[in-house]
Amino acid sequence: MNFVDLRYRGELIAWDVVNENLHFSFFQDKLEYRGDEAASPKKYIEKLEETKSYPGNAGMLAGIGLQSHFGSGQPNIDYMRVVLDILGATGLPIWLTE
């Protein structure tokens, strides 16, 4: 990361550090959110606040990155709007990719 920072400083507005660099569902299989019906934007915000509270993280830059891959059915637009409203209330920048 230091190399990329030094090499491209001032040229990038964002960098997606890990974006499917491993095949299929490697990360999803390791995270508690896969198939977790209790996962929610509220839990996401709680996890974010917990991470920010760790020693040494005071004042760290943070943002929210979201991506989705929809199947053949229509995504739930109403749910997506509510999620974006809740996450937007954090005041953090939100990046929608893919």
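Residues numbered from 1 in each chain as written. Predicted model: local features only at pLDDT ≥ 70, side-chain atom pairs only at ≥ 80, totals over all residues. Heavy atoms only, no water.

Note the following rule: UniProt positions are given in the numbering used here, feature names are shortened, and annotations may be inferred rather than shown by experiment.
In the nomenclature of an unreviewed UniProt entry, the protein corresponds to GH10 domain-containing protein from the organism Escallonia herrerae. Among the UniProt annotations of the protein, the heading Sequence similarities (unreviewed entry) holds the following wording: "Belongs to the glycosyl hydrolase 10 (cellulase F) family."

**Let's talk about the pairing of strand S2 (residues 94–97)**
Definition in use: Paired strands are those between which DSSP finds at least two bridges. For helices the rule is a DSSP run of H or I covering at least 4 residues; for strands it is a run of E covering at least 2, with both sets numbered from the N terminus onward. Crossover handedness is defined here as right-handed if the route from the first strand over the helix to the second strand goes clockwise, with the strands pointing away from the viewer.
Bridge count for strand S1 (residues 64–67) against S2 is four bridges, and the pairing is parallel. Within S2, the residue paired with Leu66 across the bridge is Leu96. Since S1 and S2 lie parallel, the crossover through helix H4 (residues 77–88) that links them has a hand, and here it is right-handed.

**So, the pattern of salt bridges**
Just so we agree on the cut-off: For this document, the term salt bridge refers to a Lys or Arg side-chain nitrogen within 4 Å of an Asp or Glu carboxyl oxygen.
One pass over the structure, following the stated rule, counts three salt bridges. In this structure, the salt-bridge partner of Glu46 is Lys42, at a minimum N-O distance of 2.8 Å. Of this pair, Glu46 and Lys42 both sit in helix H3 (residues 41–53), four residues apart, roughly one helical turn. For Glu49, the salt bridge goes to Lys52, with nearest N and O atoms at 3.8 Å. With Glu49 and Lys52 both in helix H3 and three residues apart, the pair spans about one turn of that helix.

**Let's talk about a nonpolar patch on the surface**
To keep it simple, the criterion reads: Each patch is built from salt-bridge-free residues with over 30% relative accessible area, joining like charges within 9 Å and nonpolar side chains (Val, Leu, Ile, Met, Phe, Trp, Tyr) within 5 Å. Areas reported as accessible are Shrake-Rupley estimates using a 1.4 Å probe. Residue values count occlusion only from the protein chains shown.
Taken together, Phe70, Ile77, Tyr79 and Met80 make up a surface patch of nonpolar side chains, about 380 Å² in accessible area. Summarising the element assignment, Met80 is placed in helix H4.

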